[in-house]
Amino acid sequence: MGKVIAIEHLSLDGVMQAPGHPDEDPRDGFLHGGWAARRQDPVMQEAMGARMSSAWSLLVGRTTYERFADYWPKQAPNPFTEALDSVQKYVASTTLTEPLPWRNSTLLKGDAADAVAGLKEKVAENLVVFGSGVLVRSLMPRDLVDEFVLLIHPLVLGAGRRLFPDVGSHLSAFHLVDSTTTGTGVIIATYRPTAHHGERHTHSADA
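Described below are features of the structure shown in this document. Everything numeric in this text was worked out from a predicted model, so none of it was measured. (Residues numbered from 1 in each chain as written. Predicted model: local features only at pLDDT ≥ 70, side-chain atom pairs only at ≥ 80, totals over all residues. Heavy atoms only, no water.)

Concerning the overall build of the chain
- Along the backbone of the chain there are five helices and eight strands.
- Helices and strands appear in the chain in the N-to-C order β-α-β-α-α-β-β-α-β-α-β-β-β.
- Over its C-alpha trace the chain gives a radius of gyration of 16 Å, about what one expects of a compact globule, namely 17 Å for 207 residues.
- By principal-axis analysis of the C-alpha atoms, the chain measures approximately 45 × 40 × 35 Å.
- The burial tally for the chain puts 47% of its 207 residues in the buried class.
- Of all intrachain contacts in the chain linking residues separated by at least 6 positions in sequence, the fraction that spans at least 24 positions is 72%. (Helix = DSSP H or I, 4+ residues; strand = E, 2+ residues; numbered from the N terminus. Rg over C-alpha atoms; globule rule 2.2 N^0.38 Å. Buried < 20%, exposed > 50% of the residue type's maximum accessible area, 1.4 Å probe, protein only. Contact = heavy atoms within 4.5 Å.)

Here it is in structure tokens:
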């Protein structure tokens, strides 16, 4: 059975929106895009690479998929680009249609949580998620995320889309599997759920 592993950059106040570059995700008037870029560190690459070094597939929502598909194939050859380009990609969306533009991409249709639950039963590899906040939040009430790798940056943004929202959250408990601190002050903490309190919710997961 496949495991869903969500790898997320977070601020101290839980914001995950647009960590990579200034115009990455301006939804809701977000003005702080690129907030994670200045604290990049080789330890981060090692943490992400560890989830991508064995059998794995990429699982994303529409917004993240479209940004990745527009960006990564255009980059100069490097191990991260090559890994993303060649890996099997599963895209949860109710608005995209096939064929998808990036090679090795498969559309997951209908309710995202139902589709991912079915996918986990079919595959043996890890399903690694980057970003895709709407998708991840749609999976949490069904306890479909098996591991969170949180890269927690030492800053408060004060606004932006968060991984754990105030509205609609359900009681969740986690245990710490591993943690390390980068030279730039980012805490990389790996958590796994310890209890299952979820109930079925329906979301489109187009992000």
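From this point, things continue past the structure.
Some words on the pairing of strand S3 (residues 89–92)
- Along S3, one buried face is formed by Lys89 and Val91 and the opposite face, lined by Tyr90 and Ala92, is buried too.
- Pairing geometry for strand S2 (residues 56–61) and S3, over four bridges, is parallel. Its bridge partner being in S3, Gly61 is matched across the sheet by Ala92.
- Note that S3 and strand S4 (residues 105–108) share four bridges and pair parallel. Considered in S4, the bridge of Tyr90 is made with Thr106. (Pairing = 2+ DSSP bridges.)

Points about the environment of Trp35
- Counting through the fold element by element, Trp35 comes out in the loop between strand S1 (4–10) and helix H1 (42–52).
- Overall, the relative accessible area of 2% leaves Trp35 in the buried class.
- For the pair formed by Trp35 and Pro22, sequence separation is 13 residues and the distance between their alpha carbons is 7.9 Å.
- A polar contact is formed between the side chain of Trp35 and the backbone oxygen of Ala18, at a distance of 3.5 Å. (Polar contact = N/O pair within 3.5 Å; in protein donor to acceptor, adjacent residues only side chain to side chain.)

Points about the packing of aromatic side chains
- Applying the stated criterion across every chain yields a total of nine aromatic pairs.
- An aromatic cluster of at least three residues, connected via ring pairs, comprises Phe68, Tyr71, Trp72, Phe80 and Phe130.
- The ring of Trp102 has Lys89 lying over it, and the distance from NZ or CZ to the ring centre is 4.4 Å. (Phe/Tyr/Trp six-rings, centres within 6.5 Å; stacked < 30°, edge-to-face > 60°. Lys NZ or Arg CZ within 6 Å of the ring centre and 35° of its normal.)

A closer look at the environment of Thr184
- Turning to its location among the elements, Thr184 is positioned in the loop between strand S7 (174–181) and strand S8 (187–193).
- Sequence spacing of Thr184 and Thr64 is 120 residues, and the spatial spacing of their C-alpha atoms is 26 Å.
- Residues contacting Thr184, with those up to four places away along its chain left out, are Arg39, Gln40, Asp41, Met44 and Pro154.
- A polar contact of 2.8 Å, which involves the side chain of Thr184, links it to the backbone oxygen of Arg39.
- Separated by 2.9 Å, the side chains of Thr184 and Thr182 make a polar contact.

A few points about H1
- Buried within H1 we find Met44, Ala47, Met48, Arg51 and Met52. Along H1, the residues classed as buried sweep out an arc of 140° about the axis, all on the same side. The exposed residues of H1 that point more than 90 degrees off its buried face are Pro42 and Glu46.
- Elements in contact with the buried residues of H1: S1, S2, helix H3 (79–86), strand S5 (126–130), strand S6 (147–152) and S8.
- Its side-chain oxygen 2.8 Å from the backbone nitrogen of Val43, Asp41 forms the N-cap of H1. (Arc of directions from axis to C-beta.)

What about unusual backbone geometry?
- A cis amide bond links Glu98 to the next residue, Pro99, at an omega of 5°.
- Mapping Pro99 onto the fold places it in the loop between S3 and S4.
- Located in the positive-phi region is Ala18, a residue other than glycine, with phi close to 50°.
- For Ala18, the location among the structural elements is in the loop between S1 and H1.
- With a phi angle near 55°, Asp143 is a residue other than glycine that sits in the positive phi range.
- Tracing the backbone shows Asp143 in the loop between helix H5 (133–139) and S6.

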